[in-house]
Amino acid sequence: MKLHIKMVQLLAVVLLTAGAGCMKVLEEQPRATIDPEYFKTAEGLEGGIAGIYSSFRGHWGTQIFTQLFNGGTDEMIRGGAADVQHNFTYSSLMKSNTNDYAGFWNSMYININTANGILQFGPGAQMDEGKKAQLLAQAKFLRAFCYFYLVTTYGDVPLHLTFSTAVEASDARAPIAEVYDAIIKDLQDVAAVLPDQPAAGLGKPAYKATALYLLAKTYLWRGWSAAATASDFTNAFNTAKNIIDNKGTYGLGLWPIFAQGFLEGNEYGIETIMVVDHTKDLKFGENSQTGTGASNLKENKSNFFFRPNYPTVNANYPAAGGAYVCVRDVQNGRPWQRVRPNMRYLLDVAFANRATDSRYDGTFQTIWLSNSVPGSVKGTTGAATPRGTLINGVDTAIRMADRVVTPAERAAFKGIIFEPEHLAGATVPYTSLLYPSLRKWDDSTRADMNDYSDRPYILFRFSEVYLIAAEAALKGGGTLQQAADMLNALRIRAAMKPGQTPGEYAAAVAAQTITPAQVTLDFILDERTRELYGESCRWYDLSRTKTLVDRVKKYNTEAAAGVAPGHMLRPIPQQQIDLVTEGPAFPQNPWYGN
């Protein structure tokens, strides 16, 4: 796509001082045409880089993107208010709704063209040479980043490495081998230039470990693909191991307890490699006014999508009548019910070892305390159920059990207990509206209960480097012992739970430690769920490993009948196909064009 778009927005950088720190934020300056001379200025280089980073807000943490890349997998199924339901079930409606993916496609190519302009004309900028070199490296990383997501989402894609200002009517898809080569070259180049750690006060823009992380993942993807080279898995393993061996140099590490990586305030911490930044500022953060319902499409609403409709649970549930046992407030979040966990897979397979693995509790909220009004005072009287009167802030009003409970347990519990709907004997089952809630993206700092989150969206985590290394080792890039060692680093970390005795921790470590004989592809995919659930990478994992069809048929009853091998690629947006009016027709991916 050589810019079938007549206006490109370049975003100039301004600096805002907030508290003790200083962060880069963005001011939009739409330009109907771009003079290449603009990229020969410091303002042009900085504005272009900032604009690309800003564009990521329009995808990760947004409503449709979250459903497109989490739904239709073994991990997640439709929530009661899901939007793109055809994407969850792989119905034939996907064929007539390919433009669901147009925003992502267009944004990536706008970014690529901006990066190309910076790389083509930026070397002529009259500015500090060291700073210029860093900005050019950022542009090259971002171009590689965008092409990585394009090739892993769509397969063969147009490959353009020079700046374009003209509207063209022809375009063609390049083979994935060429795209992967371009990505790898860019990442190798920038890994030699970017700093070992980001400068203080800048959050987590790309630095050396970011480039190496994406390089390792690119080798891994290519190794699975038709463009594979003999050294891909070895290169993936060695690159990932290099990050791990030099984690101190890069300021990286694993938090002692799994859940710490997602605590509010830890977004730029030791386990984070890259984030999509957000800010409370209305203008520069591209946000809506507080209290107006979070209407901007680029706001981070990841704190909404996975929430069940907890405010509808009344005191007599499942019968009618009685007050609501828990009302909506800032702490409990806004219940959009777009996506829900597939408990058949999660409880029975991925998180089966909940007694010794802290990651289920670190991933899901399973209890809601009584609050009869928003912000209820602890100790005040809440709703009265047939089993007693709840005390606000003390008694559990809603409990999402991970098993079938006994009648005696239910009778002794003042609140309402839900049970997994797939288990025989469940009397008050989970529903499409009521289920455990993903807690990774919760935000208790919002001014209003319906507000967006201004937390940075964590995109790349250090823990995944161990998973990349393990998968590469399994595929021949290392040994099974090395794969087990990489997995055990995460599994032993997961054995740590708050309040454990030394004896309990030792027993959990023993239970969590695996041998090389236990390392299989299915085990690694389950481990990726335990570590990365809800981080918008599951469809990509199943696509890369060619396991989408098998695992969806095995675990996801709502998508099993519809899933097909063609779904390991997403569709080319029809908008793109229609814009190619000269030369050979622009082909659609198989299945979607049939």
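Described in the following lines is the structure provided in the data block. (Residues numbered from 1 in each chain as written. Predicted model: local features only at pLDDT ≥ 70, side-chain atom pairs only at ≥ 80, totals over all residues. Heavy atoms only, no water.)

**Focus: the side chain of Glu 464**
For step 1, the next point in the chain: Residue placement: Glu 464 occurs in helix H13 (residues 462–477).
For step 2, the next point in the chain: According to the relative accessible area criterion, Glu 464 is buried, its value standing at 4%.
For step 3, the next point in the chain: Side-chain polar atoms of Glu 464 contact the side chain of Arg 528, separated by 2.5 Å.
For step 4, the next point in the chain: Apart from the residues within four sequence positions on either side, Glu 464 is in contact with Tyr 213, Lys 217, Arg 528 and Leu 532. (Helix = DSSP H or I, 4+ residues; strand = E, 2+ residues; numbered from the N terminus. Buried < 20%, exposed > 50% of the residue type's maximum accessible area, 1.4 Å probe, protein only. Polar contact = N/O pair within 3.5 Å; in protein donor to acceptor, adjacent residues only side chain to side chain. Contact = heavy atoms within 4.5 Å.)

**Thoughts on the sheet that holds strand E7 (residues 367–369)**
For step 1, the next point in the chain: With mixed pairing, three strands are arranged side by side in an open sheet as E7-E10-E11. Only two strands of the sheet have a single partner each, and these edge strands are E7 and strand E11 (416–418). Shown here is a sheet whose adjacent strand axes are inclined to one another by a mean of 10 degrees, direction ignored.
For step 2, the next point in the chain: Taken together, the three bridges between E7 and strand E10 (residues 396–400) define a ladder with antiparallel strand orientation. When the sheet's bridge partners are listed, Trp 368 is paired in E10 with Ile 398. (Pairing = 2+ DSSP bridges. Axes fitted to C-alpha atoms, helices over the stretch in contact; angles between N-to-C directions.)

**What to know about the packing of aromatic side chains**
For step 1, the next point in the chain: If you walk through the whole model with that rule in mind, you get 45 aromatic pairs.
For step 2, the next point in the chain: Pairing Phe 148 with Tyr 149 gives two aromatic rings, centres 5.2 Å apart and planes at 90 degrees, and the pair type is edge-to-face. Here Phe 148 and Tyr 149 have matching classes, each one buried.
For step 3, the next point in the chain: Taking the centre distance of 6.4 Å and the plane angle of 75 degrees together, the rings of Trp 221 and Tyr 540 count as edge-to-face. Here Trp 221, found in helix H7 (residues 208–224), pairs with Tyr 540, found in helix H17 (residues 538–544); they are 319 residues apart in sequence, far enough to count as distant. Taken as a pair, Trp 221 and Tyr 540 share a single burial class, namely buried.
For step 4, the next point in the chain: The ring of Tyr 360 carries Arg 354 above its face, with NZ or CZ at 5.7 Å from the centroid.
For step 5, the next point in the chain: Of note, Lys 475 hangs over the ring of Trp 224, and the distance from its end group to the ring centre comes to 4.0 Å. (Phe/Tyr/Trp six-rings, centres within 6.5 Å; stacked < 30°, edge-to-face > 60°. Lys NZ or Arg CZ within 6 Å of the ring centre and 35° of its normal.)

**Section: unusual backbone geometry**
Comment: phi is negative for the bulk of residues other than glycine, and the bulk of peptide bonds are trans.
For step 1, the next point in the chain: Residue Pro 318 is bonded to the preceding Tyr 317 through a cis peptide linkage, with omega at 10 degrees.
For step 2, the next point in the chain: Looking at the secondary structure, you find Pro 318 in the loop between helix H9 (302–305) and strand E5 (339–341).
For step 3, the next point in the chain: The residue Lys 546 is not glycine, and still its phi comes out positive at about 60 degrees.
For step 4, the next point in the chain: Locating Lys 546 in the fold gives a position in the loop between H17 and helix H18 (548–555).
For step 5, the next point in the chain: Judged by its relative accessible area of 46%, Lys 546 is partly exposed.

**So, the pattern of salt bridges**
For step 1, the next point in the chain: Per the stated rule, a full pass over the model turns up 40 salt bridges.
For step 2, the next point in the chain: Its salt-bridge partner being Asp 83, residue Arg 338 comes within 2.8 Å of it at the nearest N-O pair. One end of the pair, Arg 338, is in the loop between H9 and E5; the other, Asp 83, is in the loop between strand E3 (76–78) and helix H3 (85–89), and 255 residues separate them in sequence.
For step 3, the next point in the chain: With a relative accessible area of 34%, Asp 83 lands in the partly exposed category.
For step 4, the next point in the chain: Linking Asp 522 and Arg 551 is a salt bridge whose minimum nitrogen-to-oxygen distance equals 2.9 Å. (Salt bridge = Lys/Arg side-chain N within 4 Å of Asp/Glu carboxyl O.)

**Overview of the environment of Phe 262**
For step 1, the next point in the chain: You can see Phe 262 is positioned in the loop between helix H8 (232–245) and strand E4 (272–276).
For step 2, the next point in the chain: With a relative accessible area of 5%, Phe 262 lands in the buried category.
For step 3, the next point in the chain: Sequence-distant contacts of Phe 262, that is, excluding residues within four places in its chain, are made with Lys 440, Trp 441, Arg 455, Ile 458, Arg 461 and Glu 535.

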